[in-house]
Amino acid sequence: MSTDAIVLLKEDHKEIKKLFRDFRKAEGEKEKGKIVDKIIEALTVHTYLENECMYPEVRSLLPDLEDDILESYEEHHVADVLVIELAGMKPDAERFDAKTTVLIENVEHHIDEEEDEWFPKVREALGRKQLQDIGARMLEMKEGAPRSPAQPSALKKTIDAVIS
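The rules we used
- Residues numbered from 1 in each chain as written.
- Predicted model: local features only at pLDDT ≥ 70, side-chain atom pairs only at ≥ 80, totals over all residues.
- Heavy atoms only, no water.
- Phe/Tyr/Trp six-rings, centres within 6.5 Å; stacked < 30°, edge-to-face > 60°.
- Helix = DSSP H or I, 4+ residues; strand = E, 2+ residues; numbered from the N terminus.
- Buried < 20%, exposed > 50% of the residue type's maximum accessible area, 1.4 Å probe, protein only.
- Lys NZ or Arg CZ within 6 Å of the ring centre and 35° of its normal.
- Patch = residues over 30% accessible without salt bridge, like charges linked within 9 Å, V, L, I, M, F, W, Y side chains within 5 Å.
- Areas by Shrake-Rupley, 256 points an atom, 1.4 Å probe, with all protein chains shown as cover.
- Salt bridge = Lys/Arg side-chain N within 4 Å of Asp/Glu carboxyl O.
- Lys, Arg positive; Asp, Glu negative; His and termini not counted.
- Charge placed at Lys NZ, Arg CZ, Asp CG, Glu CD.

Peer 1: Describe the packing of aromatic side chains, naming the residues involved and giving the relevant values.
Peer 2: In the structure shown here, the tally under the stated rule is three aromatic pairs. Note on Tyr55 and Trp118: the rings are 5.4 Å apart at their centroids and 85° apart in plane angle, and the pair reads as edge-to-face. On the criterion of sequence distance, the pair formed by Tyr55 in helix 2 (residues 29-61) and Trp118 in helix 4 (residues 96-125) is long-range, its members being 63 residues apart. With respect to class, Tyr55 is no different from Trp118; both count as buried. These aromatic residues form a ring-pair network of at least three members: Tyr55, Tyr73, Trp118 and Phe119. Residue placement shows Lys32 over the ring face of Phe23; its charged tip is 5.4 Å from the ring centre.

So, in structure tokens, the structure goes:
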């Protein structure tokens with residue numbers, strides 16, 4: 001298994017996109033609710049790892065990418081707000097599907113930007129060893145990463161994005 005940070009994040013992106021496809025194909029509130037629970041967990045873990053490990057590392061090593069990183073933090077903040085709202089909603093709520101669709105569209109845009117624009121810049125500027133070191137830290141952090149937006153470490157991430 002690779003510890004390259006970009007490879008790990010792309011694997012997460014694949015899993016998240018599959019959940020999005022599953023939601024779009026799902027029929028019935030119960031099925032959609034179960035899929036959204038999985039989306040919430042996957043996004044909570046993923047954004048935690050990016051915000052607490054990948055972004056700070058890249059920000060310190062590659063100051064030229066500051067604007068990209070700040071934009072990514074803001075995109076995560078928007079996703080965090082939607083995730084928190086969805087976590088408190090029942091699948092039969094009037095705006096459940098609409099809110100999930102907005103979340104999906106937002107995250108798909110973010111993934112496309114990262115993979116098409118940001119990751120190539122990072123890969124070019126950092127060596128394989130640096131990306132493997134960052135990835136190894138991410139794998140260590142993943143064990144204790146929050147799985148729910150209501151967990152203290154996930155709430156801190158959201159609050160920090162609002163205050164910072």
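Peer 1: Break down a negative patch on the surface for me, with residues and values.
Peer 2: A surface patch of like charges, here negative, comprises Asp67, Glu71, Asp112, Asp116 and Glu117. Those elements giving two or more residues to the negative patch turn out to be helix 3 (66-87) and helix 4. Counting residues per element, the negative patch draws most heavily on helix 4, at three residues. With respect to the element layout, Asp112 can be found in helix 4. Exposure remark for Asp112: the relative accessible area of 38% places this residue in the partly exposed category.

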